[in-house]
Structure formats: C-alpha cells, structure tokens
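Each chain is listed here by its residues.
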Amino acid sequence: ASRPFHPDDTRIEIRGHVVGGPEPTLIAGPCSVETREGLLEIARAIKRSGAHMLRGGAFKPRSSPYSFQGLGEEGLKYLADAREETGLAIVSEVMEPGLVPLVAEYVDVLQIGARNMQNFPLLKAVGRTGKPVLLKRGFSNTIEEWLMSAEYIMAEGNPNVILCERGIRTFETYTRNTLDLNAVPVVKHLSHLPVLVDPSHGVGHARYVTDMARAGIAAGAHGAIVEVHKDPTQAWSDGNQTITLEEFDQLAHQVRAIHQLM
Ligand code: PEP
Ligand code: MN
C-alpha cells in the first residue's frame with residue numbers, strides 16, 4: 001500500500017465511475033437495508049443528486065445482540081434490485097469469512113467495518129475475491145495498522161482497496177467519534193490508495209454531517225460515504241446520524257464545489 005512500491009495513485013473503476021479519479025466519489029444510503037420500496041426510493045433520490053453508489057448494511061455489526069441484525073441475503077437482493085433500476089453500484093458490509101462468497105455475488109464493493117479492520121482471515125478472504133474493498137479504519141487503530149490491513153488484502157492479489165476514515169475514539173462525548181481529518185493527508189502521503197471520509201459515523205449527529213463532509217473533501221479525501229434516509233427518525237439503525245434526501249442533495253452540491261477548488 002506504500003508509495004515507494006507504487007508511485008502512481010490507484011484508480012478503481014466501478015460501474016463507469018473512477019474512485020480516485022477526477023470526480024469526487026459519493027456513496028449514500030441507509031445504515032441498514034430495511035424495506036425494498038424504502039430502499040428503491042432512497043436509491044432514486046440519491047441518483048438524482050449525483051451519487052455513484054448506494055450503501056446499505058444487510059449484515060449489521062450491532063453493539064447489542066438484541067438490536068436489529070440486518071435482513072441478510074434478502075437485503076442484498078433489495079440492493080441488487082436498486083442497482084438494476086438505477087445503475088448505482090452497491091456497497092455492503094461483510095462480517096465473516098464464510099459469508100464472503102455470498103456477499104461478493106451481489107455487491108460491487110465489499111465493506112469491511114471498523115470492528116473488523118483487523119480480522120485477518122476476513123481481510124484475506126475479501127482479498128481473494130479480487131473485488132473492490134472499502135476498508136474502514138478501526139476506531140482504535142493507528143494509521144500504520146490501517147495500512148497494514150490494506151496490505152493483507154493486497155497481498156492476496158487484490159489491489160482494489162479504498163480506504164475510509166470513519167472516526168476514532170477520543171475523550172470527547174458531544175460527538176460519537178472524532179473524524180480524524182489528519183489521517184486524510186497522512187495516508188495520501190504514505191499510500192497511493194484512494195481515501196474516503198464517513199462523516200456520519202465520524203460525528204454521529206446528522207446536524208454536523210454536511211460540515212464534516214465538506215471538511216473531509218477540503219482535507220483531500222477522494223469522496224464521502226454518508227447515511228441517508230427518507231425519514232431518519234424512522235431508520236432501523238443509526239437514525240441520529242442519518243441525513244434526509246434533501247440534505248444529501250445539498251451535501252452533494254457542496255462536495256462537488258469544494259472538490260473543484262482542489
Ligand atoms: C456502517 O457503515 O453502518 C458501519 C457499521 O460502519 P463502521 O464499521 O464504520 O462503524
Ligand atoms: Mn451505520
């Protein structure tokens with residue numbers, strides 16, 4: 001993952017959009033895939049706003065075992081339906097090595113969640129698929145550890161790794177995490193891999209998400225992934241940090257405007 005081994009920036013083409021290319025990458029969607037109709041409605045709206053990919057968890061890493069755990073394969077089917085209708089690429093998390101073949105069958109991008117950033121058997125398994133991987137930074141991991149995790153995927157022969165800064169744990173309590181914007185220029189210096197920011201998990205409150213998406217782009221991120229819902233108050237997970245479809249439309253405009261200045 002380090003620059004001396006690969007001086008040119010990595011560009012990853014996914015359904016006609018190039019991550020790390022001239023346009024900032026915009027990924028949006030609900031935290032969890034919920035109903036088929038609800039997902040299609042979100043997909044149509046974000047497509048109109050210029051998003052390139054639809055996100056949505058079908059297998060959810062919830063802190064409590066009693067919280068909604070995701071729809072599983074049914075959710076992946078809804079995502080595939082949304083791709084079919086809108087042309088958006090789809091991104092979804094895979095939590096265990098045994099499920100990699102199933103999830104890889106449906107998605108364009110395999111998401112490795114923060115909690116699994118150092119699940120080495122899982123990293124090797126997604127590496128073997130050759131599919132693009134969105135590698136979230138663990139909330140208690142250093143940049144060095146994060147890049148080593150990218151290395152695990154690449155060592156299996158898969159160069160298609162997209163880094164994602166999603167906030168780290170600090171002493172601060174007004175925000176869920178602290179979006180580590182320092183990490184953006186640091187990984188761009190150390191690595192040729194593209195890097196996105198996730199301001200939704202990074203701050204944990206919808207009212208700050210757009211500000212931090214803009215800040216991430218200004219820091220040099222190649223794009224942003226955000227949680228979006230038609231009615232965030234009704235979201236089955238992470239509603240507090242989820243923005244509306246209208247707010248996403250504004251965010252997309254602002255991200256593109258800032259990216260143009262870079
Ligand atoms: C998510 O994207 O909904 C998610 C669970 O993210 P993270 O792994 O960054 O907490
Ligand atoms: Mn979430």
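For the structure, see preceding data.
Everything in this summary refers to the structure shown in the same document. Since we're looking at a predicted model, the values are computed, not measured. (Residues numbered from 1 in each chain as written. Chains lettered and ligands numbered in written order. Predicted model: local features only at pLDDT ≥ 70, side-chain atom pairs only at ≥ 80, totals over all residues. Heavy atoms only, no water.)

1. Quick word on the site of ligand 1
Line of reasoning, step 1. Lining the immediate environment of ligand 1, one finds 13 residues, of which Arg55, Gln111, Ala114, Arg115 and Arg166 sit closest.
Line of reasoning, step 2. Glu227 has a polar side-chain atom sitting 3.2 Å from an oxygen atom of ligand 1.
Line of reasoning, step 3. Protein contact buries 97% of the 300 Å² of open area that ligand 1 shows by itself.
Line of reasoning, step 4. More than half of the atoms belonging to ligand 1 lie within 2 Å of the grid points that define the largest pocket. (Near = heavy atom within 4 Å. Polar contact = N/O pair within 3.5 Å; in protein donor to acceptor, adjacent residues only side chain to side chain. Areas by Shrake-Rupley, 256 points an atom, 1.4 Å probe, with all protein chains shown as cover. 1 Å grid on protein atoms, 1.4 Å probe; cavity = no way out; pocket = protein on both sides within 12 Å on 5 of 7 lines; lining within 4 Å. Sits in = over half its atoms within 2 Å of the grid points.)

2. Digging into the coordination of the manganese ion (ligand 2)
Line of reasoning, step 1. Note on the manganese ion (ligand 2): its protein donors are Cys31 (SG), His201 (NE2), Glu227 (OE) and Asp238 (OD). The metal-donor distances range over 2.1 to 2.4 Å.
Line of reasoning, step 2. Positions of the donor residues of the manganese ion (ligand 2) along the chain correspond to the pattern C-x169-H-x25-E-x10-D. Taken together, the positions of Cys31 in the loop between strand E3 (25-29) and helix H1 (36-48) and His201 in helix H7 (residues 199-203) put the pair 170 residues apart, joining distant regions of the chain. Like His201, Cys31 is buried. (Donors = N, O, S within 2.8 Å, 3.2 Å for Na, K, Ca; no water. Helix = DSSP H or I, 4+ residues; strand = E, 2+ residues; numbered from the N terminus. Buried < 20%, exposed > 50% of the residue type's maximum accessible area, 1.4 Å probe, protein only.)

3. Looking at unusual backbone geometry
Line of reasoning, step 1. Here Arg15, not a glycine, exhibits a phi torsion of approximately 45 degrees, which is positive.
Line of reasoning, step 2. Inspection of the secondary structure puts Arg15 in the loop between strand E1 (12-14) and strand E2 (17-19).
Line of reasoning, step 3. Positive phi, normally seen in glycine, also occurs at Asp238, with a value near 55 degrees.

4. Observations concerning the side chain of Ser200
Line of reasoning, step 1. By the element assignment, Ser200 lies in helix H7.
Line of reasoning, step 2. With a relative accessible area of 0%, Ser200 lands in the buried category.
Line of reasoning, step 3. Of note is the side chain of Ser200, whose polar atom sits 2.9 Å from the backbone nitrogen of Glu227.
Line of reasoning, step 4. Dropping the residues within four chain positions of it, Ser200 is found in contact with Val209, Ile225, Val226, Glu227 and Gln241. (Contact = heavy atoms within 4.5 Å.)

5. What to know about the environment of Ile90
Line of reasoning, step 1. As for its placement among the helices and strands, Ile90 is situated in strand E5 (residues 89-93).
Line of reasoning, step 2. Along the chain, Ile90 and Ala150 lie 60 residues apart, while their C-alpha atoms are 21 Å from each other.
Line of reasoning, step 3. If we skip the residues at most four places from it in the chain, Ile90 touches Leu54, Leu79, Ala80, Arg83, Tyr106, Val107, Asp108 and Val109.

6. Some details on the pairing of E5
Line of reasoning, step 1. Among the five residues in E5, five count as buried, and that is most of the element.
Line of reasoning, step 2. Pairing analysis gives three bridges linking strand E4 (residues 53-55) to E5, with the strands arranged parallel. If you follow Arg55 over to E5, its bridge partner there is Val91.
Line of reasoning, step 3. The parallel pair E4 and E5 is bridged by helix H2 (residues 73-86), and the resulting crossover is right-handed.
Line of reasoning, step 4. Bridge count between E5 and strand E6 (residues 109-112): three bridges; the pairing is parallel. Note that in E6 the partner of Val91 across the bridge is Val109.
Line of reasoning, step 5. Regarding topology, helix H3 (residues 100-106) serves as the crossover connection from E5 to the parallel E6, and that connection is right-handed. (Pairing = 2+ DSSP bridges. Right-handed = clockwise from strand over helix to strand, strands pointing away.)

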